[in-house]
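Below are the chains, spelled out letter by letter.
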Amino acid sequence: MRLRGDLCRLLLHHQTRFLAERACPTLQGATPGYLWTFLTQNEAGEWLIGYRFSMGRASRTPKEVLGGTSGALVVDAYTGYNAVTLPQGRVRVGCWAHCRRRFFDALATAPEARHAMDLILELYRVEAQARGADVVRTAAHRALRQLHSAPVLARLHVWLEEQTPRHPPKSPLGQAISYALKQWAALTRFVENERLPLDNNRAEAALRKAALGRKNLLFVGHEAVRENLAGLYALVATCEANQVNPEAYLADVLLRVQTHPNSRIDELLPHEWKRRRIADPPNSPLQLCI
(Lines give C-alpha, C1' and ligand atoms only; values in the text may rest on other atoms or scores of the structure.)
Protein backbone atom coordinates (compact mmCIF):
# COMPACT_ATOMS: atom_id res chain seq x y z
CA MET A 1 0.00 0.00 0.00
CA ARG A 2 1.79 3.11 -1.29
CA LEU A 3 0.05 5.57 1.04
CA ARG A 4 0.81 3.48 4.11
CA GLY A 5 4.50 3.47 3.24
CA ASP A 6 4.56 7.22 2.79
CA LEU A 7 2.71 7.74 6.06
CA CYS A 8 5.33 5.61 7.84
CA ARG A 9 8.11 7.68 6.24
CA LEU A 10 6.58 10.90 7.55
CA LEU A 11 6.17 9.36 11.01
CA LEU A 12 9.91 8.64 11.09
CA HIS A 13 10.74 12.20 10.05
CA HIS A 14 9.44 13.76 13.27
CA GLN A 15 11.23 13.93 16.60
CA THR A 16 8.55 12.85 19.10
CA ARG A 17 6.71 9.53 18.70
CA PHE A 18 4.00 7.86 20.73
CA LEU A 19 3.99 4.05 20.71
CA ALA A 20 1.66 1.41 22.15
CA GLU A 21 0.60 -2.14 21.34
CA ARG A 22 -2.34 -4.44 22.03
CA ALA A 23 -3.16 -8.10 21.45
CA CYS A 24 -5.50 -8.98 18.57
CA PRO A 25 -7.98 -11.88 18.69
CA THR A 26 -7.58 -14.75 16.25
CA LEU A 27 -9.54 -17.82 15.31
CA GLN A 28 -9.11 -20.79 17.64
CA GLY A 29 -5.85 -22.51 16.84
CA ALA A 30 -4.45 -19.59 14.85
CA THR A 31 -1.28 -17.75 15.81
CA PRO A 32 -2.07 -14.74 18.06
CA GLY A 33 -1.05 -11.32 16.87
CA TYR A 34 -0.49 -7.76 18.04
CA LEU A 35 -1.51 -4.40 16.67
CA TRP A 36 0.94 -1.53 17.24
CA THR A 37 0.27 2.16 16.79
CA PHE A 38 2.83 4.90 16.07
CA LEU A 39 1.81 8.55 16.35
CA THR A 40 3.42 11.93 15.90
CA GLN A 41 2.35 15.56 15.55
CA ASN A 42 3.97 17.78 12.93
CA GLU A 43 4.85 21.46 13.21
CA ALA A 44 1.41 22.46 11.89
CA GLY A 45 -0.26 20.53 14.73
CA GLU A 46 -1.52 17.78 12.41
CA TRP A 47 -1.56 14.21 13.72
CA LEU A 48 -0.08 11.32 11.74
CA ILE A 49 -1.07 7.83 12.87
CA GLY A 50 0.37 4.53 11.73
CA TYR A 51 -0.47 0.92 12.60
CA ARG A 52 1.59 -2.23 12.24
CA PHE A 53 0.51 -5.82 12.71
CA SER A 54 2.94 -8.41 14.04
CA MET A 55 2.77 -12.04 15.08
CA GLY A 56 4.53 -11.37 18.39
CA ARG A 57 5.09 -8.71 21.03
CA ALA A 58 8.90 -8.81 21.02
CA SER A 59 11.14 -5.86 20.07
CA ARG A 60 11.20 -6.79 16.38
CA THR A 61 8.41 -4.38 15.36
CA PRO A 62 9.81 -1.31 17.18
CA LYS A 63 13.21 -2.04 15.63
CA GLU A 64 11.77 -2.41 12.13
CA VAL A 65 9.88 0.87 12.36
CA LEU A 66 12.13 3.05 14.54
CA GLY A 67 15.55 1.43 14.36
CA GLY A 68 18.29 3.91 13.50
CA THR A 69 16.10 6.97 14.15
CA SER A 70 16.54 9.66 16.79
CA GLY A 71 14.25 11.83 18.91
CA ALA A 72 11.88 11.04 21.76
CA LEU A 73 9.70 7.96 22.23
CA VAL A 74 6.71 8.22 24.57
CA VAL A 75 5.97 4.74 25.93
CA ASP A 76 5.16 2.77 29.07
CA ALA A 77 7.74 0.63 30.90
CA TYR A 78 7.51 -2.39 28.55
CA THR A 79 11.07 -3.67 28.00
CA GLY A 80 10.39 -4.50 24.35
CA TYR A 81 10.95 -0.82 23.57
CA ASN A 82 14.50 -0.95 24.94
CA ALA A 83 15.77 -2.08 21.55
CA VAL A 84 15.12 1.40 20.13
CA THR A 85 15.91 3.43 23.25
CA LEU A 86 19.07 1.77 24.58
CA PRO A 87 22.00 2.27 24.46
CA GLN A 88 22.00 4.70 21.52
CA GLY A 89 18.52 5.32 20.21
CA ARG A 90 15.51 7.42 20.96
CA VAL A 91 15.18 9.15 24.33
CA ARG A 92 12.58 7.31 26.37
CA VAL A 93 9.76 9.48 27.79
CA GLY A 94 7.57 7.95 30.48
CA CYS A 95 3.80 7.88 30.80
CA TRP A 96 2.22 9.43 33.90
CA ALA A 97 -1.14 7.82 33.08
CA HIS A 98 0.39 4.35 33.43
CA CYS A 99 2.14 5.44 36.62
CA ARG A 100 -1.05 6.87 38.12
CA ARG A 101 -2.96 3.70 37.29
CA ARG A 102 -0.65 1.69 39.52
CA PHE A 103 -1.28 3.98 42.49
CA PHE A 104 -5.02 3.80 41.79
CA ASP A 105 -4.85 0.01 41.87
CA ALA A 106 -3.09 0.24 45.25
CA LEU A 107 -5.81 2.35 46.89
CA ALA A 108 -7.84 -0.64 48.09
CA THR A 109 -5.01 -1.90 50.30
CA ALA A 110 -3.07 1.33 50.89
CA PRO A 111 -5.19 4.51 51.12
CA GLU A 112 -2.02 6.60 51.35
CA ALA A 113 -1.57 6.01 47.61
CA ARG A 114 -4.07 8.87 47.25
CA HIS A 115 -1.26 11.31 48.07
CA ALA A 116 0.71 10.26 44.99
CA MET A 117 -2.41 10.53 42.85
CA ASP A 118 -3.09 14.05 44.14
CA LEU A 119 0.44 15.14 43.24
CA ILE A 120 0.12 13.62 39.76
CA LEU A 121 -3.15 15.52 39.38
CA GLU A 122 -1.25 18.74 40.08
CA LEU A 123 1.00 17.98 37.09
CA TYR A 124 -2.06 17.71 34.86
CA ARG A 125 -3.45 20.96 36.24
CA VAL A 126 -0.32 22.74 35.03
CA GLU A 127 -0.97 21.30 31.56
CA ALA A 128 -4.58 22.52 31.72
CA GLN A 129 -3.26 25.97 32.63
CA ALA A 130 -1.02 25.93 29.54
CA ARG A 131 -3.95 24.94 27.32
CA GLY A 132 -6.10 27.68 28.83
CA ALA A 133 -3.40 30.26 28.12
CA ASP A 134 -2.90 28.86 24.59
CA VAL A 135 0.84 28.40 25.13
CA VAL A 136 1.12 24.62 24.63
CA ARG A 137 4.48 23.57 23.14
CA THR A 138 5.97 27.07 23.51
CA ALA A 139 8.71 28.52 25.68
CA ALA A 140 5.99 29.83 28.00
CA HIS A 141 4.77 26.25 28.44
CA ARG A 142 8.25 25.15 29.46
CA ALA A 143 8.47 28.04 31.91
CA LEU A 144 5.16 27.00 33.49
CA ARG A 145 6.40 23.46 33.92
CA GLN A 146 9.66 24.58 35.49
CA LEU A 147 7.86 26.98 37.82
CA HIS A 148 5.00 24.71 38.91
CA SER A 149 5.63 21.09 37.83
CA ALA A 150 9.24 20.80 38.96
CA PRO A 151 8.42 21.51 42.65
CA VAL A 152 5.57 18.97 42.52
CA LEU A 153 7.96 16.35 41.16
CA ALA A 154 10.42 17.12 43.95
CA ARG A 155 7.71 16.60 46.57
CA LEU A 156 6.58 13.37 44.96
CA HIS A 157 10.11 11.99 44.81
CA VAL A 158 10.65 12.72 48.51
CA TRP A 159 7.37 10.94 49.34
CA LEU A 160 8.32 7.92 47.20
CA GLU A 161 11.66 7.59 48.97
CA GLU A 162 10.00 7.89 52.38
CA GLN A 163 7.36 5.29 51.56
CA THR A 164 9.68 2.71 50.00
CA PRO A 165 10.74 0.98 53.26
CA ARG A 166 7.20 1.03 54.64
CA HIS A 167 5.64 -1.26 52.03
CA PRO A 168 6.60 -4.79 50.91
CA PRO A 169 8.10 -4.72 47.40
CA LYS A 170 5.43 -7.11 46.11
CA SER A 171 2.48 -5.25 47.63
CA PRO A 172 0.38 -3.11 45.23
CA LEU A 173 1.76 0.16 46.63
CA GLY A 174 5.28 -1.23 46.81
CA GLN A 175 5.08 -2.13 43.13
CA ALA A 176 3.65 1.29 42.25
CA ILE A 177 6.46 3.04 44.10
CA SER A 178 9.08 0.84 42.45
CA TYR A 179 7.59 1.53 39.01
CA ALA A 180 7.72 5.31 39.57
CA LEU A 181 11.28 5.32 40.88
CA LYS A 182 12.63 3.05 38.16
CA GLN A 183 10.95 5.20 35.49
CA TRP A 184 11.79 8.52 37.18
CA ALA A 185 14.25 9.83 34.58
CA ALA A 186 11.81 9.05 31.75
CA LEU A 187 8.83 10.42 33.69
CA THR A 188 10.45 13.79 34.40
CA ARG A 189 11.93 14.64 30.99
CA PHE A 190 8.86 16.68 30.06
CA VAL A 191 9.94 19.49 32.41
CA GLU A 192 12.84 20.48 30.17
CA ASN A 193 11.08 20.05 26.83
CA GLU A 194 7.72 21.69 26.15
CA ARG A 195 7.11 19.39 23.17
CA LEU A 196 7.00 16.28 25.35
CA PRO A 197 3.61 15.18 26.75
CA LEU A 198 2.88 13.82 30.20
CA ASP A 199 1.47 10.56 28.94
CA ASN A 200 0.93 8.16 26.08
CA ASN A 201 -2.85 8.54 26.08
CA ARG A 202 -2.96 9.53 22.41
CA ALA A 203 -1.52 6.17 21.36
CA GLU A 204 -3.74 4.27 23.78
CA ALA A 205 -6.81 6.07 22.40
CA ALA A 206 -5.78 5.21 18.84
CA LEU A 207 -5.51 1.54 19.84
CA ARG A 208 -8.93 1.61 21.49
CA LYS A 209 -10.47 2.91 18.26
CA ALA A 210 -8.82 0.16 16.27
CA ALA A 211 -9.97 -2.36 18.88
CA LEU A 212 -13.56 -1.66 17.88
CA GLY A 213 -12.84 -3.53 14.65
CA ARG A 214 -10.45 -6.14 16.01
CA LYS A 215 -12.95 -8.94 15.42
CA ASN A 216 -12.44 -8.34 11.70
CA LEU A 217 -8.98 -9.82 12.22
CA LEU A 218 -10.57 -13.11 13.25
CA PHE A 219 -11.27 -13.79 9.60
CA VAL A 220 -7.95 -12.55 8.20
CA GLY A 221 -5.71 -15.58 8.07
CA HIS A 222 -2.68 -14.19 6.23
CA GLU A 223 -0.16 -11.87 7.84
CA ALA A 224 0.20 -9.72 4.70
CA VAL A 225 -3.55 -9.14 4.60
CA ARG A 226 -3.49 -8.05 8.22
CA GLU A 227 -0.73 -5.59 7.34
CA ASN A 228 -2.92 -4.12 4.61
CA LEU A 229 -5.80 -3.83 7.03
CA ALA A 230 -3.49 -2.06 9.50
CA GLY A 231 -2.59 0.35 6.70
CA LEU A 232 -6.26 1.10 6.09
CA TYR A 233 -6.74 1.68 9.83
CA ALA A 234 -3.87 4.18 9.70
CA LEU A 235 -5.42 6.23 6.90
CA VAL A 236 -8.86 6.30 8.54
CA ALA A 237 -7.40 7.19 11.95
CA THR A 238 -5.30 10.00 10.45
CA CYS A 239 -8.45 11.31 8.72
CA GLU A 240 -10.37 11.39 11.98
CA ALA A 241 -7.49 13.00 13.87
CA ASN A 242 -7.43 15.85 11.33
CA GLN A 243 -11.21 16.35 10.99
CA VAL A 244 -11.43 14.79 7.53
CA ASN A 245 -14.42 12.66 6.59
CA PRO A 246 -12.86 9.19 5.93
CA GLU A 247 -15.58 8.18 3.49
CA ALA A 248 -15.15 11.32 1.38
CA TYR A 249 -11.38 10.98 1.53
CA LEU A 250 -11.25 7.32 0.47
CA ALA A 251 -13.84 7.81 -2.27
CA ASP A 252 -11.63 10.48 -3.83
CA VAL A 253 -8.17 9.06 -3.16
CA LEU A 254 -8.85 5.49 -4.24
CA LEU A 255 -9.65 6.85 -7.70
CA ARG A 256 -6.44 8.87 -7.84
CA VAL A 257 -3.80 6.72 -6.16
CA GLN A 258 -3.08 4.37 -9.09
CA THR A 259 -2.23 7.19 -11.49
CA HIS A 260 -0.80 9.75 -9.08
CA PRO A 261 2.97 10.33 -9.49
CA ASN A 262 4.88 8.29 -6.94
CA SER A 263 7.17 11.24 -6.19
CA ARG A 264 4.11 13.21 -5.03
CA ILE A 265 2.23 10.44 -3.26
CA ASP A 266 2.33 12.37 0.02
CA GLU A 267 -0.17 14.82 -1.53
CA LEU A 268 -2.80 12.10 -1.05
CA LEU A 269 -2.22 11.61 2.66
CA PRO A 270 -5.21 12.81 4.73
CA HIS A 271 -3.70 15.98 6.21
CA GLU A 272 -2.19 17.05 2.86
CA TRP A 273 -5.40 16.16 0.99
CA LYS A 274 -7.39 18.35 3.37
CA ARG A 275 -4.99 21.27 2.94
CA ARG A 276 -5.09 21.07 -0.85
CA ARG A 277 -8.88 20.70 -0.97
CA ILE A 278 -9.29 23.79 1.20
CA ALA A 279 -6.88 25.77 -0.97
CA ASP A 280 -8.43 24.53 -4.24
CA PRO A 281 -11.93 23.15 -3.48
CA PRO A 282 -13.72 20.92 -6.01
CA ASN A 283 -17.17 21.66 -7.39
CA SER A 284 -18.74 20.04 -4.33
CA PRO A 285 -17.77 21.39 -0.91
CA LEU A 286 -15.08 19.56 1.04
CA GLN A 287 -16.70 17.19 3.50
CA LEU A 288 -15.13 17.65 6.90
CA CYS A 289 -16.13 16.01 10.15
CA ILE A 290 -18.16 18.31 12.38
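On a predicted model such as this, the values are computed, not experimentally measured, just so you know.

Trainee: Give a detailed account of the pattern of salt bridges, specifying residues and quantitative values.
Mentor: This model, assessed by the stated rule, comprises 12 salt bridges. For the salt bridge of E122 with R155, the shortest nitrogen-to-oxygen distance reads 3.5 Å. In this pair, E122 sits in helix 4 (residues 113-132) while R155 sits in helix 5 (residues 139-163), placing the two residues 33 residues apart along the sequence. Through salt bridges that share partners, E46, E272 and R275 make up one connected network.

Trainee: Quick rundown of the packing of helix 5 against helix 6 (residues 172-182)? Include the residues and the values.
Mentor: At a minimum axis distance of 10 Å, the contact between helix 5 and helix 6 shows a crossing angle of 135°. As judged from the angle between their axes, helix 5 and helix 6 are oblique. Crossing of helix 5 against helix 6: the hand is left-handed. Side by side, helix 5 and helix 6 meet where H157, W159, L160, E161 and Q163 of the first sit next to L173, I177, A180 and L181 of the second. For the contact of helix 5 with helix 6, the per-class residue count stands at 6 nonpolar, 2 polar and 1 charged.

Trainee: Would you mind going over the pairing of strand 2 (residues 33-41) in detail, with residue names and values included?
Mentor: With 7 of 9 residues buried, strand 2 is to be regarded as a mostly interior element. Here strand 2 runs beside strand 3 (residues 47-54); their pairing, made up of 8 bridges, is antiparallel. Within strand 3, the position partnered with T37 by the bridge is Y51. Connecting strand 2 to the next strand, strand 3, in antiparallel fashion are 5 residues, including G45 with a positive phi near 85°.

Trainee: Tell me about the nonpolar core, and name the residues and values.
Mentor: Within the largest apolar cluster, 31 residues are counted, with the highest numbers of intra-cluster contacts made by W96, F103, L156, L160, L173 and F190. Residue assignment for this core shows that the elements contributing at least two residues are strand 4 (72-74), helix 3 (96-106), helix 4, helix 5, helix 6 and helix 7 (184-187). Top contributing element to this core by residue count: helix 4, with 6 residues. The contact partners of L156, leaving out residues within four places of it in the chain, are W96, A116, L119, I120 and W184. If you look at the next biggest cluster of nonpolar residues, it comprises 12 residues, including L35, L39, A230 and A237.

What counts and how
Once a new chain begins, its residue numbering starts again from 1 and follows that chain's sequence as written. Reporting of local features is limited, given that this is a predicted model, to residues whose pLDDT is at least 70; pairs of side-chain atoms are given and counted only at 80 or more, and all residues count toward the totals for whole chains, interfaces and linings. Excluded from the side-chain calculation are hydrogens and water; included are all heavy atoms of the structure. A pair is scored as a salt bridge if a Lys or Arg side-chain nitrogen falls within 4 Å of a carboxyl oxygen belonging to Asp or Glu. Strands here are runs of E lasting at least two residues and helices are runs of H or I lasting at least four, both read from the DSSP assignment and numbered beginning at the N terminus. For helices, the fitted line uses only the C-alpha atoms of the stretch in contact; every axis is such a line through C-alpha atoms, and the angle between N-to-C directions lies from 0 to 180 degrees. An angle counts as roughly parallel when it lies under 35 degrees, as roughly antiparallel when it exceeds 145, as roughly perpendicular when it falls between 65 and 115, and as oblique in every other case. Left-handed is the label given to a crossing in which the near helix is rotated counterclockwise from the far helix by less than a right angle, and right-handed is the label when the rotation is clockwise. Two residues qualify as a contact provided that any one of their heavy atoms is within 4.5 Å of a heavy atom in the partner residue. In this count, Pro and Cys sit with the nonpolar residues alongside Ala, Val, Leu, Ile, Met, Phe, Trp and Tyr, while Asp, Glu, Lys and Arg are called charged and the others, Gly among them, polar. Under the scheme applied here, a residue whose accessible area is under 20% of the maximum for its type counts as buried, over 50% as exposed, and between as partly exposed, the area being computed with a 1.4 Å probe on protein chains only. Whether two strands pair comes down to DSSP finding at least two bridges between them. Remark: nonpolar core denotes a set of buried residues (Ala, Val, Leu, Ile, Met, Phe, Trp, Tyr, Cys) joined through side-chain atoms within 4.5 Å.

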